[in-house]
Amino acid sequence: MELKQLFQASAIAAALALAGCGGDINITEGSIDNSVTNNYGDSGTDGGTGGGTDGGTDDTLPGETSSFLSSEVSAALGQTVEVRTLSGTLTADDADENGNITLTNDTVWAIEGPLFVGEDKANSVNLVIEEGTIIFGRSGGDYLVVSRDSTIEAVGTADAPIIFTSYQDVTGDEVGAGQWGGIVLLGNAPSNKCPQDGSDCALQIEGVEEGAVFGGTDETDSSGTINYVVVKYAGFEIAVDNELNGVTFGGVGSGTEVDYLQVHSNADDGVEFFGGNVNVKHLVLTGNEDDSVDWDNGFQGKLQYVFVQQNTADGDANRGIEADNDGSVPDIEPQSNPMISNLTIIGNNFDGEDDSEGVYLREGTGAQIYNMVITGPSGMGECFEVENSTESQANLADGTITVKSSVIACANGENFKSDTANGGTDLETWFTAETSNKVLDASAILLSSTGKPLADSPLLGAGEDASQVDGFFEATDFIGAVGETDWRQGWAFGFGGGTIQVVESTSGCPAGTSNIASVDGVTTTCSLSGTLTTDVNLTEGNIYALSGAVFVGGDNENSATLSIDAGVTVYGASGNDYLVVSRGSKIEAEGTATDPIVFTSYDDVTGGTTAAGQWGGLVILGNAPSNKCPDDGSACALQVEGVEEGAVFGGTNSEDNSGILRYVRVQFGGFEIALDNELNGITFGGVGSGTTVDHIQVHANADDGVEFFGGSVSVKYLVLTDIQDDSIDWDNGFQGNMQYVLVRQAQDNSDANRGIEADNDGSNPAIEPQSNPSLANVTIIGNTFDGEDDSEGVYLREGTGAQLYNFIVTGPAGMGECFEVEDSTESQTNLGDGTIMFSNSVIACENGENFKNADTAVDLEDWFLNSQSGNAVAATQADVVSGIYSTTTATPFDFTGDSFFDNADFVGAVKEGDDWTAGWTIGLE
């Protein structure tokens, strides 16, 4: 079997917020014969679940073949896979002539119970794990322990990392923290818990059965190599304060190599260092439920490039770093005093028994920290704290705790927590006294959703060269774990790697999504979160939840396609839940008239009361031009409104393709991040003409229905109902086409503004490329809303052009103006030179204000009736529409030969007898 068939080096950032709610597969101990514990299958035939399949005499691989697990995993992966179980103790008797026991990548390995590599300083062996190998556990009691004097050589690659994970992950079932144990490395390096009289040291490690001990006097001791290894869904609480971490380092020495290691979604700490001197580079800690990094008992290692991101769905989390020397004797030697360079900590809003926090140094620990950034949202706890104890406070004063070239940028108002009332050091004063440190606003550090700094981030170029401090560190010039080159990509889970190739999960959730509790009590519900860096298909029959900001691909990198089957429903539960299709990625959402794709709110899915603004919205970002792009030809990356920093658009490719939206309904969305910074129903940022958009509805959105920021995308069959701001908004050089557009403001006369609000650019109305789209067969039906904004028809301003054909603009007596052009030099000039054109249309408002213009401006009624062709004014709404259907006898424009516009035989959006809105829209009853 080819490795590449078994393992796909790709990852789904959506899984950073996975939940576990029980599964469809329940394996009991009775299902598998565990009676045979020898580690070589050389003593029997296939007698049930254990034993070699070939009679056993030629079976020289470690462990036992499990026919049951082989069958289950093979079914999940869609190919024949052998699963071998490993348990007990691997000893020198099991090793080859070189002392190695090898786990090959053409087999999947299952840990059953505690698996020890060697005994404590006896029967020592070297466990070799080939690149791309998958190893799983099925319960919290399944864990791997590398004993003192034994070693592990787990050397993966960026294309094929070694994955330690849960049975559920391998079979595609519900995944979550705590589904198996974890990895424990035990060494002979010092701990301050060792006897002070120099006698032998043998300290019991937490979370593991008695006899798993560590400690000694050899600072350079080697426990082997861990390179490109991903550990997922582990952690288990044996008892209170006795838990398994993702990877536990007990007295591990500096001779051990640890580089490119990830721990994801662990139920306890991500990594914990009990004394020792092991050094680590390229450490990724994501979605862990307790502390991401924990050290104590004299840890003196070095760490560089440490990325910590707590659960992006605000699930369980505690500290990015929790650090101790010793709780009983805080000044005991050797003192915990590691060195860290290039650290990023991104907190979340979790507020439970523990809170999301940044760094907490306590119990006498020292720490030498360079190039650190701590950030997080408003609900996060304190970001930097040092315990108000004699020893810890003394460490602040004498340099035992040092922080340089670092940034703290939390949005919670608690960057620092200081017990100054009881004599503690004012940490903000202490921190900023080092001139290389800075306190910034959270938004000012310009990190993308993945924690990578944007091109103009102040973190780039501001770091200290830690190689001048210690030779272990590589030379860098940036603050944080990641600089311009993202070393996480391709191997780490959530960053293009670390996934198991599963065709479809047993729970019914497709690969790239995670099963969560059924939202309606019946339908399988799957969650998406983070950044999708491989193609994901949302299959019909499930409901899908957006968990936070979900990005399809990175910005013109790690591109992916999100395909959505007809009939699928996707929902968000708050204004922070929205979907962004990044530049270079695509959405392929193809519904049908009988099975549209629906983006909606949690309240709608659960049968609650629906309203505008209950979730975010849909954002499509492309590489097409915008007149906001730099005019010097340099790269364009414009931040889109309503979305977190790093969601950018713009470029030079007017034919850019962002995919397909067909028979898609977006309802009850819109969210105001801040004044004039809102989420529209669908935002098109620099979207190119290669994108297909037809049969789209936005219903009951709290901000605009659709907004086009530049770009050249064209739209056919667009329905906008009950929109609380503008139904259509364009600006910044938009040059697309639209035909068959129905705008109907709320019939209960609730919030509304303009049917069309159109701009070129407010700062420079004559800037090129100029907004100048063409629209045909548009019906705008206003209402009587009169609030901070009024119901209005069409307002062209800030230098925009517009070619308008076959329009009906109508509404009741309480409606505001129905057609207006701004009284500015550029806009008025556009009326005279044909840049604004309006033909074969009817305006029929009952408000006495069909047209609005200043006395010094162009008389719009005269212009409309006498300078343009085929236009008319009618007295009442009933003269032009019946419900949504056009009844006017006005002559339509002749589009014969046009490649986009149909040669419609009516004016307005919809005619009776040919209702293209039927069957897939709502709110038109």
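Draft legend 1. Seen up close, the overall build of the protein chain. Of the regular secondary structure elements, the protein chain holds eight helices and 63 strands. For 925 residues, the compact-globule estimate of 2.2 N^0.38 gives 29 Å, and the C-alpha radius of gyration of the protein chain, at 32 Å, lies within 12% of that figure. Burial statistics for the protein chain: of 925 residues in total, 62% are counted as buried. Across the protein chain, every contact between residues at least 6 apart in sequence was considered, and the portion connecting residues at least 24 apart equals 75%. As displayed, the protein chain has an accessible area near 30,800 Å², and 42% of this comes from carbon and sulfur atoms. Of the side chains in the protein chain, 27 bear a positive and 147 a negative charge, and the two mean positions are spaced by 3 Å.

Draft legend 2. Local environment of the environment of Val213. You can see Val213 is positioned in strand β13 (residues 213-214). When near neighbours in sequence (up to four residues on either side) are disregarded, Val213 contacts Asp120, Arg148, Leu186, Ala202, Leu203 and Gln204.

Draft legend 3. Focus on the pairing of strand β53 (residues 737-744). With seven of its eight residues buried, β53 lies for the most part within the structure. In the sheet, strand β51 (residues 714-721) pairs with β53 via six bridges, with the strands oriented parallel. Bridge pairing links Val719 to Leu742 in β53. Relative to strand β55 (residues 774-781), β53 is paired through seven bridges, and the arrangement is parallel. By the bridge assignment for β55, Asn737 is matched with Ser774.

Draft legend 4. Representation of the side chain of Asn126. By the element assignment, Asn126 lies in strand β6 (residues 126-129). For Asn126, a relative accessible area of 14% gives the class buried. A polar atom in the side chain of Asn126 sits 2.8 Å from the side chain of Thr151. If near-sequence neighbours (up to four positions away) are discounted, Asn126 is found in contact with Gly99, Asn100, Ile101, Thr151, Ile152 and Glu153.

Draft legend 5. Quick peek at the confidence of the model for the protein chain. On average, residues of the protein chain carry a pLDDT of 90, and 92% of them reach 70 or more. Low pLDDT, under 50, characterises residues 1-58; the predicted model gives this stretch 169 contacts beyond four residues in sequence or across chains. Overall, residues 502-506 carries pLDDT values under 50, and its contacts beyond four positions in sequence, including any with other chains, amount to 21 contacts.

Draft legend 6. How the structure looks around the packing of aromatic side chains. According to the stated counting rule, one finds 39 aromatic pairs in the structure shown. Ring geometry for Phe472 against Phe473: centres 5.4 Å apart, planes inclined by 75°, an arrangement best described as edge-to-face. Look at Phe473 and you get buried, because its relative accessible area is 3%. Measuring from ring centre to ring centre gives 4.7 Å for Tyr717 and Tyr740, while their planes differ by 15°; the resulting arrangement is stacked. Of this pair, Tyr717 sits in strand β51 while Tyr740 sits in strand β53; the two residues are 23 residues apart in sequence, bridging distant segments of the chain.

Draft legend 7. Highlighting a negative patch on the surface. The grouping of Asp106, Glu130, Glu131 and Asp159 at the surface amounts to a negative patch. In this structure, Glu130 sits in the loop between β6 and β7 (134-137).

Draft legend 8. Layout of the state of the cysteines. Considering all chains together, one arrives at five disulfides under this definition. Across a sulfur-sulfur distance of 2.1 Å, Cys629 and Cys636 are joined as a disulfide pair. A torsion of -80° about the S-S bond marks the disulfide between Cys629 and Cys636 as left-handed. Note on accessibility: Cys629 and Cys636 belong to one class, buried. Each bonded cysteine in the protein chain gets a number by its place in the sequence, and the pairs come out as 1-2, 3-4, 5-6, 7-8, 9-10.

Draft legend 9. Quick look at the side chain of Ser147. Residue position: Ser147 is located in the loop between β8 (143-146) and β9 (151-155). Ser147 gets classed as buried once you look at its relative accessible area, which sits at 5%. Beyond its immediate sequence surroundings of up to four residues, Ser147 is in contact with Phe116, Val117, Gly118, Glu119, Asp120 and Leu186.

Draft legend 10. Main features of the pairing of strand β5 (residues 108-117). Most of β5 is tucked away, with nine of its 10 residues classed as buried. Summarising the sheet, strand β3 (residues 83-90) and β5 pair through seven bridges and their orientation is parallel. Across the sheet, residue Leu86 finds its bridge partner in β5, namely Ile111. As judged from the four bridges shared by β5 and β7, these two strands associate in the parallel manner. What sits directly across from Ile111, in β7, is Gly137. Direction of pairing for β5 relative to β8: parallel, over a ladder of four bridges. Of the residues in β8, the one forming a bridge with Phe116 is Val145.

Criteria and thresholds
- Residues numbered from 1 in each chain as written.
- Predicted model: local features only at pLDDT ≥ 70, side-chain atom pairs only at ≥ 80, totals over all residues.
- Heavy atoms only, no water.
- Helix = DSSP H or I, 4+ residues; strand = E, 2+ residues; numbered from the N terminus.
- Rg over C-alpha atoms; globule rule 2.2 N^0.38 Å.
- Buried < 20%, exposed > 50% of the residue type's maximum accessible area, 1.4 Å probe, protein only.
- Contact = heavy atoms within 4.5 Å.
- Areas by Shrake-Rupley, 256 points an atom, 1.4 Å probe, with all protein chains shown as cover.
- Lys, Arg positive; Asp, Glu negative; His and termini not counted.
- Charge placed at Lys NZ, Arg CZ, Asp CG, Glu CD.
- Pairing = 2+ DSSP bridges.
- Polar contact = N/O pair within 3.5 Å; in protein donor to acceptor, adjacent residues only side chain to side chain.
- pLDDT = per-residue confidence, 0-100.
- Phe/Tyr/Trp six-rings, centres within 6.5 Å; stacked < 30°, edge-to-face > 60°.
- Patch = residues over 30% accessible without salt bridge, like charges linked within 9 Å, V, L, I, M, F, W, Y side chains within 5 Å.
- Salt bridge = Lys/Arg side-chain N within 4 Å of Asp/Glu carboxyl O.
- Disulfide = S-S within 2.5 Å.

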